[in-house]
Amino acid sequence: MYDFQIEAANKKELYRQLVQAADALTAGEPDAIANMANISALLWESLPDLNWAGFYRNVGGELVLGPFQGRAACIRIPFGKGACGAAAASLEPQRVDDVHAFPGHIACDSASESELVVPIVHKGRLLGVIDLDSPRKSRFDQEDINGCVRLAQLLAPRLGAVEKTTSES
């Protein structure tokens, strides 16, 4: 049984603990969907002021909904559309302080006010994105970006290795 008590005085420490817990949850687990499901639950429980936490997977050159916590979400997102699509197209994190001011914003949950999307890249190939939404404007800062980039770096080889094995079958 996993019972991670992530409590920190600052975000840098919070993300250090979160990445450490994510490492423990995914170490040795070969199923990418199971790993994404556990990490979305970990993000949901560990990060304050979220109304959505999860993954979109790169399937055939578009983003397809993966495991998440929160309200029902958009199922498919083209590269270049919304914050998730922008992160997929640019391979760069997207921090959106006000989703209503973001060109091409995709409104899946009317409660969302800000968003952070971090691409997961393995060996130069986009596997998917981590997507966090908040009901509070300007919820995410550089520490959130740094922490989620470290999380994506931890997950990338674990998700990418599984994908290679699956596609070779």
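Calculation criteria
- Residues numbered from 1 in each chain as written.
- Predicted model: local features only at pLDDT ≥ 70, side-chain atom pairs only at ≥ 80, totals over all residues.
- Heavy atoms only, no water.
- Pairing = 2+ DSSP bridges.
- Helix = DSSP H or I, 4+ residues; strand = E, 2+ residues; numbered from the N terminus.
- Axes fitted to C-alpha atoms, helices over the stretch in contact; angles between N-to-C directions.
- Contact = heavy atoms within 4.5 Å.
- Salt bridge = Lys/Arg side-chain N within 4 Å of Asp/Glu carboxyl O.
- Polar contact = N/O pair within 3.5 Å; in protein donor to acceptor, adjacent residues only side chain to side chain.
- Core = buried A, V, L, I, M, F, W, Y, C linked by side-chain atoms within 4.5 Å.
- Buried < 20%, exposed > 50% of the residue type's maximum accessible area, 1.4 Å probe, protein only.

Colleague: Got a minute to help me understand the sheet that holds strand S2 (residues 62-70) in this structure?
Modeller: Adjacent strands of a sheet pair through backbone hydrogen bonds, lying either parallel or antiparallel. Across the sheet, six strands lie side by side as S3-S2-S1-S6-S5-S4; this open sheet has antiparallel pairing. The open sheet has two free edges, formed respectively by strand S3 (76-78) and strand S4 (94-96), since each of these has just one partner strand. Within the sheet, the average angular offset between the axes of one strand and its neighbour, ignoring direction, is 25°. Of the pairings in the sheet, the one linking strand S1 (residues 52-59) to strand S6 (residues 125-134) comprises six bridges and is antiparallel in character. If you follow Phe 55 over to S6, its bridge partner there is Ile 130. Across the sheet, helix H2 (residues 32-46) lies against S1, S2 and S6, angled at about 155° from S1, the strand it touches most. Here helix H3 (residues 82-90) sits on the sheet in contact with S1, S2, S3, S4, strand S5 (114-122) and S6, set at roughly 30° to S5.

Colleague: Please clarify how the pattern of salt bridges should be interpreted in this entry.
Modeller: A side chain with one charge can pair with a side chain of the opposite charge if their charged atoms come near. The full count for this structure, using the stated rule, is nine salt bridges. Residue Asp 23 is joined to Arg 158 by a salt bridge in which the shortest nitrogen-to-oxygen separation is 2.6 Å. Of this pair, Asp 23 sits in helix H1 (residues 11-26) while Arg 158 sits in helix H4 (residues 142-168); the two residues are 135 residues apart in sequence, bridging distant segments of the chain. One connected set of salt bridges, linked through shared partners, spans Lys 11, Arg 139, Asp 141 and Asp 144.

Colleague: Sorry, what's going on with the side chain of Asn 35 here?
Modeller: Within the fold, Asn 35 resides in helix H2. A distance of 3.1 Å separates a polar atom in the side chain of Asn 35 from the backbone oxygen of Glu 29. When sequence neighbours within four positions are dropped, the list of residues in contact with Asn 35 reads Leu 25, Thr 26, Glu 29 and Leu 159.

Colleague: Honestly, the nonpolar core in this entry has me stumped. Any pointers?
Modeller: Counting 32 residues, the largest nonpolar core has Ile 39, Leu 43, Leu 132 and Leu 151 as the members making the most contacts within it. Of all elements in the fold, only H1, H2, S1, S5, S6 and H4 reach the threshold of two or more residues within this core. If you tally residues by element for this core, the top one is H4, at eight residues. In this structure, Leu 65, Ile 77, Ala 83 and Ala 88 belong to the second largest nonpolar core, which totals 16 residues.

Colleague: I keep staring at unusual backbone geometry and nothing clicks. Help me out?
Modeller: A negative phi angle is the norm for most residues apart from glycine, just as the trans form is the norm for most peptide bonds. A positive phi angle is found at Leu 91, which is not glycine, with a value near 60°. Among the secondary structure elements, Leu 91 is positioned in the loop between H3 and S4. The partly exposed category is assigned to Leu 91, whose relative accessible area is 36%. In this structure, Ser 138 takes a positive phi of about 55° despite not being glycine. The topology assignment puts Ser 138 in the loop between S6 and H4. Under the relative-accessibility criterion, Ser 138 is labelled partly exposed at 45%.

Colleague: Would you mind showing me how to read the environment of Asn 51 here?
Modeller: Along the chain, the position of Asn 51 falls in the loop between H2 and S1. For the pair Asn 51 and Arg 71, spaced 20 residues apart in sequence, the C-alpha separation works out to 7.7 Å. A distance of 3.1 Å separates polar atoms of two side chains, one belonging to Asn 51 and the other to Ser 112. Within polar-contact distance, the side chain of Asn 51 engages the backbone nitrogen of Ser 134 at 3.1 Å.

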